[in-house]
Amino acid sequence: MTTTKNDTILVTAGTGKVGRRVADRLAAKGFPVRIGSRSAQLPFDWEDRSTWGPVLDGVRAAFVMYTPDIGDPLAGEAIRAFSELAVANGVRRLVLLSARGEDQAATAEAAVRESGAEWTVLQAAWFNQNFDEGVFTDMVLAGAVAFPAGQVLEPFVDSGDLADVAAIALIEDGHAGQTYELTGPRLLTFGDAVAAIAKESGRDVQYIPVTGAEFGAVLTAEFGMPDEEVAGMIDIFATLLDGRNAHVTDTVRQLLGRAPIDFADYVRDAVGAWK
């Protein structure tokens with residue numbers, strides 16, 4: 001199936017770090033885009049299935065990103081139901097953003113693979129943009145990034161690279177049935193990443209390795225996260241941060257014909273967010 005410029009493409013989580021970049025890439029190429037978010041003119045909410053049918057009307061391809069996390073216990077069943085409804089409504093191509101090395105995401109990935117649509121799964125490393133648009137932003141501004149990553153090495157990937165790959169998978173042929181493992185070009189510890197941000201921004205910010213239990217206590221005390229959700233997040237982090245992802249892939253270069261964005265380049269461009 002070729003996606004044509006007459007085909008509407010749905011981008012779920014379309015106002016987030018990755019989704020809005022995917023939408024921008026598609027719009028720049030002349031494709032009609034429908035933003036899937038609670039605040040959109042036609043609202044979309046993973047927790048409200050009555051919103052699914054309307055946003056799928058007339059859509060032929062969809063970028064699927066489950067929030068808050070693809071490893072959430074509710075994600076697999078929700079994505080299976082959404083994918084089945086999408087295919088029944090005429091969607092022919094699904095591109096799922098998943099997490100690299102996250103065992104908890106397997107059910108959600110299987111749901112898309114078994115949907116009957118042309119599918120592509122993007123397994124992504126930790127995003128660079130988590131430091132200026134996401135979970136670590138307030139920590140950077142407060143001067144301490146406390147996280148249970150120890151000294152594990154991570155090939156941070158840029159959301160712009162993810163968006164570029166997602167866009168071609170949505171509109172070009174040749175990606176159906178593929179699972180792409182996407183990383184940045186080199187390995188860094190979380191301490192390395194925070195040190196690079198401190199140096200470039202001039203901020204006094206430190207990385208503080210903590211245990212999963214200590215991080216969970218912060219989620220409970222400062223964010224009011226329920227115990228069950230805290231336990232799930234700790235389990236996901238323990239899986240992702242056990243060293244299994246401490247290697248890079250060349251997939252971004254192969255797909256885009258250029259090197260992936262380096263963390264140092266990301267920091268240089270994002271430094272204004274921390275000043």
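A short tour of the structure in this document, coming up. (Residues numbered from 1 in each chain as written. Predicted model: local features only at pLDDT ≥ 70, side-chain atom pairs only at ≥ 80, totals over all residues. Heavy atoms only, no water.)

### Some remarks on the overall build of the protein chain
So, step 1. When helices and strands are counted, the protein chain shows 11 helices and 10 strands.
So, step 2. Against the compact-globule benchmark of 19 Å for 275 residues, the protein chain has a radius of gyration of 18 Å, which places it among compact chains.
So, step 3. Dimensions of the protein chain, computed from C-alpha atoms along their principal axes, come out at roughly 50 × 40 × 35 Å.
So, step 4. Considering the protein chain as a whole, with its 275 residues, one finds that 50% of them fall into the buried category.
So, step 5. Expressed as a percentage of contacts within the protein chain between residues at least 6 apart in sequence, the contacts between residues at least 24 apart total 79%.
So, step 6. Carbon and sulfur atoms make up 50% of the accessible area of the protein chain, which amounts to about 11,800 Å² in all.
So, step 7. The average position of the 23 basic charges and that of the 39 acidic charges among the side chains of the protein chain differ by 8 Å. (Helix = DSSP H or I, 4+ residues; strand = E, 2+ residues; numbered from the N terminus. Rg over C-alpha atoms; globule rule 2.2 N^0.38 Å. Buried < 20%, exposed > 50% of the residue type's maximum accessible area, 1.4 Å probe, protein only. Contact = heavy atoms within 4.5 Å. Areas by Shrake-Rupley, 256 points an atom, 1.4 Å probe, with all protein chains shown as cover. Lys, Arg positive; Asp, Glu negative; His and termini not counted. Charge placed at Lys NZ, Arg CZ, Asp CG, Glu CD.)

### Let's talk about the packing of helix H3 (residues 75–88) against helix H4 (residues 106–113)
So, step 1. Interaxial distance between H3 and H4 falls to 7 Å at its minimum, and their mutual angle equals 10 degrees. Between H3 and H4, the angle is such that the two are roughly parallel. Facing Ala75, Gly76, Ile79, Arg80 and Ser83 of H3, the residues of H4 in contact are Thr107, Ala108, Ala110, Ala111 and Val112.
So, step 2. Grouping the amino acids of the contact of H3 with H4 by side-chain chemistry returns six nonpolar, three polar and one charged. (Axes fitted to C-alpha atoms, helices over the stretch in contact; angles between N-to-C directions. Parallel < 35°, antiparallel > 145°, perpendicular 65-115°, else oblique. Nonpolar A, V, L, I, M, F, W, Y, C, P; charged D, E, K, R; others polar.)

### Some thoughts on the nonpolar core
So, step 1. One finds Trp126, Phe131, Phe147, Phe190, Leu241, Phe263 and Trp274 to be the most contacted residues of the largest nonpolar core, which totals 31 residues.
So, step 2. Where this core is concerned, the elements lending two or more residues are helix H5 (137–142), strand E6 (144–147), helix H7 (190–201), helix H8 (212–223), helix H9 (227–240) and helix H11 (263–270).
So, step 3. The greatest single-element share of this core, amounting to five residues, is contributed by H7.
So, step 4. Excluding residues within four positions of it along the chain, Leu241 makes contact with Trp126, Phe147, Pro148, Ala149, Val152 and Phe190.
So, step 5. Val11, Val95, Phe127 and Val252 belong to the second largest nonpolar core, which has 29 residues in total. (Core = buried A, V, L, I, M, F, W, Y, C linked by side-chain atoms within 4.5 Å.)

### Some details on unusual backbone geometry
So, step 1. Across the junction of Thr67 and Pro68, the peptide omega takes the value 15 degrees, indicating a cis bond.
So, step 2. Considering the arrangement of structural elements, one finds Pro68 in the loop between strand E3 (59–64) and H3.
So, step 3. Of note, the phi angle at Ala13 is positive, near 50 degrees, even though the residue is not glycine.
So, step 4. Counting through the fold element by element, Ala13 comes out in the loop between strand E1 (8–12) and helix H1 (19–28).

### Some points on the pairing of strand E5 (residues 118–124)
So, step 1. Burial runs high along E5: six of the seven residues are buried.
So, step 2. Across seven bridges, strand E4 (residues 93–99) lies against E5 in parallel orientation. The residue bridging Ser98 from the neighbouring strand is Gln123, located in E5.
So, step 3. A crossover links E4 with its parallel partner E5, the connecting element being H4, and its sense is right-handed. (Pairing = 2+ DSSP bridges. Right-handed = clockwise from strand over helix to strand, strands pointing away.)

### A closer look at the packing of H7 against H11
So, step 1. Where H7 meets H11, the closest approach of the two axes is 10 Å, and the angle between their N-to-C directions is 40 degrees. By the angle class used here, H7 and H11 are oblique. Crossing handedness for the pair H7 and H11: right-handed. Of the residues in H11, those in contact with Ala193, Ala196, Ile197 and Glu200 of H7 are Phe263, Val267 and Arg268.
So, step 2. Tallied by class, residues from the contact of H7 with H11 come to five nonpolar, no polar and two charged. (Left-handed = near helix turned anticlockwise from the far one by under 90°.)

### Thoughts on a nonpolar patch on the surface
So, step 1. Taken together, the side chains of Leu153, Leu187 and Val248 make up a nonpolar region of the molecular surface, amounting to roughly 200 Å² of accessible area.
So, step 2. With respect to the helices, strands and loops of the structure, Val248 is situated in the loop between H9 and helix H10 (251–256).
So, step 3. By relative accessible area, Val248 is classed as partly exposed at 39%. (Patch = residues over 30% accessible without salt bridge, like charges linked within 9 Å, V, L, I, M, F, W, Y side chains within 5 Å. Salt bridge = Lys/Arg side-chain N within 4 Å of Asp/Glu carboxyl O.)

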